[in-house]
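Given next are the chains, with one letter for each unit.
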Amino acid sequence: MTTETDPDRDSDAGTDGKSATDGGAGTDTGIETTAAFTGLDCRDCGTHFDPDEATHRCPNADCDGILDPTYDYDALGAALDRETLASRPFESLWRYEELLPFTRTGAVSMDEGATPLVDCPKLADEMGVERVLIKDEGRNPTGTFKDRGQTLAVTAALRHGATDVALASAGNAGQSASAYAGRAGLDSHIYLPSRSGFTNKAMVNVHGGDMNVVGGRIDAAGAAFEEGLAEHDEWYPLQTFVTPYRHEGTKTMYYELVEQLDWEVPDAICYPTGGGVGLVGMYKAAQEFTELGLTDELPGFYAAQSAGCAPIVEAYNEGWDEHEPVETPDTICGGIEIPDPGASSWILEAIRESDGGAVATDDTEILDAATQVAQHEGLEMIPTAAAAASGAWELAERGEFSGDETVVILNTGTGNKEADVLRSHLMSQGI
């Protein structure tokens, strides 16, 4: 069913609503947790929770902080080393089962992950660095990195006995959620802003989702989502940083790319940043690999945004610990048009502690970057993700790189989802 409230566009999208239900915590579904998974820690108050008692945000009075899965890394010990990982097929993110909350058996999975890391020598020459590689997340089942988070989040929903899942999204997360919910036999309720792309809207319907299209931008969709939750206690929220499991799935992007580089840590990772779920997930993964002795350093994480909505860049440049919301966001990159990211302190920690940074470029430069990557290297980048490519070029022009670096750019979604936007950009240039 589709509800149109106003006729009227995604990588790191997500509103940070705070509603949650326990969805029947503790239901015996046969979905087992892994041996090293110890529970959930609140990033604000530090309280540790059993994962079947606290299922979403911190339940402590006056806290409501983000919950983060925790593990006994000492228990893993030498059981998870480079040789063990090398012996496993490179076929899905579940090859890292020990560092995830749930076992592969019973997980809601479509073999997401195991995406290619593509060498781009022409881009390296143009940027004046030794090597540029693009991690192409467009090869995931629904065409974006969102599938990494949804495989875990929907698995958690099943474990907690949910019958319905819900979220607001700029587009790609909604499409992914409806796909995984359909595979799990759950009903999904998806709230999208009217400016979401046609492909996202169409595929929510195709996957059987209850789609609600809301006039305006992501904040309007988020408000409508909250109203829906208030009316339906049985709905299980899948919002970024509301469920603890979306960022936990995205951390596997880092595991893969380091293995694909033969355990060499890249100098810089440029990530298109809106809500920040992918960036903080990879930052956590980098810390875990050093904790386990698999690597001995962190890469520099760079948050790339559009100049039309750049709260993280502003906070980084001003030396703030948290962002100030953007009053009038305006960018074609709907996936990173997140004016009030709820995890900004974590994002800023990641880029500062890793000696990375933050960079914003305008929409024209972003679309130019998408077409240049397509024409020079053949890879199709979604416009939102092209902010990372444009940001990398900007960093190179500023002299951020000395010339011997390995730079990884995350393409968080396939370009054919918004081919109309890319083609319109070319036509506007008379091409």
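Residues numbered from 1 in each chain as written. Predicted model: local features only at pLDDT ≥ 70, side-chain atom pairs only at ≥ 80, totals over all residues. Heavy atoms only, no water.

- Identification of the protein chain as Threonine synthase from Natrialba taiwanensis DSM 12281 is taken from an unreviewed UniProt entry.
- According to the UniProt record, the Cofactor (unreviewed entry) comment for the protein chain is "pyridoxal 5'-phosphate". (UniProt positions renumbered as here; feature names shortened; annotations may be inferred.)

Observations regarding the domain arrangement of the protein chain
Reasoning step 1: Looking at the protein chain, the domain boundaries give domain 1 (117-144 + 244-429) and domain 2 (145-237).
Reasoning step 2: One C-alpha centre belongs to domain 1, the other to domain 2; they are set 24 Å apart.
Reasoning step 3: Contacts between the two partners involve 29 residues from domain 1 and, on the opposite side, 22 residues from domain 2.
Reasoning step 4: Interface of domain 1 and domain 2: buried area, both sides summed, is about 2000 Å²; carbon and sulfur atoms make up 53% of it.
Reasoning step 5: In this structure, the salt-bridge partner of Arg-148 is Glu-137, at a minimum N-O distance of 2.6 Å.
Reasoning step 6: Inspection of the region where domain 1 meets domain 2 yields 12 residue pairs in polar contact (both at pLDDT 80 or more).
Reasoning step 7: At the level of elements, α8 (246-250), α9 (252-260) and α10 (277-291) are the ones that each hand at least two residues to the side of domain 1 that touches domain 2. (Domains from an automatic or database assignment. Contact = heavy atoms within 4.5 Å. Buried area = accessible area lost by both parts, 1.4 Å probe. Salt bridge = Lys/Arg side-chain N within 4 Å of Asp/Glu carboxyl O. Polar contact = N/O pair within 3.5 Å; in protein donor to acceptor, adjacent residues only side chain to side chain. Helix = DSSP H or I, 4+ residues; strand = E, 2+ residues; numbered from the N terminus.)

Section: the UniProt feature "domain: Tryptophan synthase beta chain-like PALP" (unreviewed entry) in the protein chain
Reasoning step 1: What UniProt calls "domain: Tryptophan synthase beta chain-like PALP" (unreviewed entry) maps, in this numbering, to residues 108-413.
Reasoning step 2: Helix makes up 44% of residues 108-413 and strand 17%. Its end C-alpha atoms lie 21 Å apart.

So, the pattern of salt bridges
Reasoning step 1: Throughout the structure, instances matching the rule amount to 19 salt bridges.
Reasoning step 2: Note that Arg-57 is salt-bridged to Asp-64, the shortest N-O span being 3.8 Å.
Reasoning step 3: Residue classification places Arg-57 among the buried residues on the basis of a relative accessible area of 11%.
Reasoning step 4: Overall, the relative accessible area of 22% leaves Asp-64 in the partly exposed class.
Reasoning step 5: Among the salt bridges present, the one from Glu-394 reaches Arg-398, with a minimum N-O distance of 3.1 Å. In this pair, Glu-394 and Arg-398 are both assigned in helix α14 (residues 383-398), four residues apart and thus about one turn of the helix distant.
Reasoning step 6: The partly exposed category is assigned to Arg-398, whose relative accessible area is 48%. (Buried < 20%, exposed > 50% of the residue type's maximum accessible area, 1.4 Å probe, protein only.)

Notes on the packing of helix α4 (residues 146-159) against helix α5 (residues 172-184)
Reasoning step 1: Two elements in contact, α4 and α5, have axes whose closest approach is 9 Å; the angle formed by their N-to-C orientations is 45°. In terms of axis orientation, α4 runs oblique to α5. As for how α4 packs across α5, the hand of that crossing is right-handed. Where α4 approaches α5, its residues Lys-146, Asp-147, Gln-150, Thr-151, Val-154 and Leu-158 are matched on the opposing element by Asn-172, Ala-173, Ser-176, Ala-177, Tyr-180, Ala-181 and Ala-184.
Reasoning step 2: Residues of the contact of α4 with α5, tallied by class, amount to seven nonpolar, four polar and two charged. (Axes fitted to C-alpha atoms, helices over the stretch in contact; angles between N-to-C directions. Parallel < 35°, antiparallel > 145°, perpendicular 65-115°, else oblique. Left-handed = near helix turned anticlockwise from the far one by under 90°. Nonpolar A, V, L, I, M, F, W, Y, C, P; charged D, E, K, R; others polar.)

Re helix α13 (residues 363-377)
Reasoning step 1: In this model, α13 (15 residues) spans 21 Å end to end at C-alpha, consistent with the 21 Å of a helix rising 1.5 Å per residue.
Reasoning step 2: Listed as buried for α13 are Ile-366, Leu-367, Ala-369, Ala-370, Thr-371, Val-373 and Glu-377.
Reasoning step 3: Two or three places before Thr-364, at the opening of α13, Asp-362 has a side-chain oxygen 3.2 Å from that residue's backbone nitrogen.
Reasoning step 4: Positioned one or two residues after α13, Gly-378 has a phi angle of 85°, which is positive. (Expected span 1.5 Å × (residues − 1).)

A few points about the packing of aromatic side chains
Reasoning step 1: Scanning all chains against the criterion turns up 14 aromatic pairs.
Reasoning step 2: Seen from their ring centres, Tyr-254 and Phe-301 are 6.3 Å apart, and the 50° between their planes marks the pair as tilted. Of this pair, Tyr-254 sits in helix α9 while Phe-301 sits in strand β12 (residues 300-306); the two residues are 47 residues apart in sequence, bridging distant segments of the chain. Each member of the pair, Tyr-254 as well as Phe-301, is classed as buried.
Reasoning step 3: By the ring-pair criterion, three or more aromatic residues cluster together here, those being Tyr-96, Tyr-254, Tyr-255, Trp-263, Tyr-283, Phe-289 and Phe-301.
Reasoning step 4: One cation-aromatic arrangement involves Arg-43 over Trp-346; the distance from NZ or CZ to the ring centre is 3.9 Å. (Phe/Tyr/Trp six-rings, centres within 6.5 Å; stacked < 30°, edge-to-face > 60°. Lys NZ or Arg CZ within 6 Å of the ring centre and 35° of its normal.)

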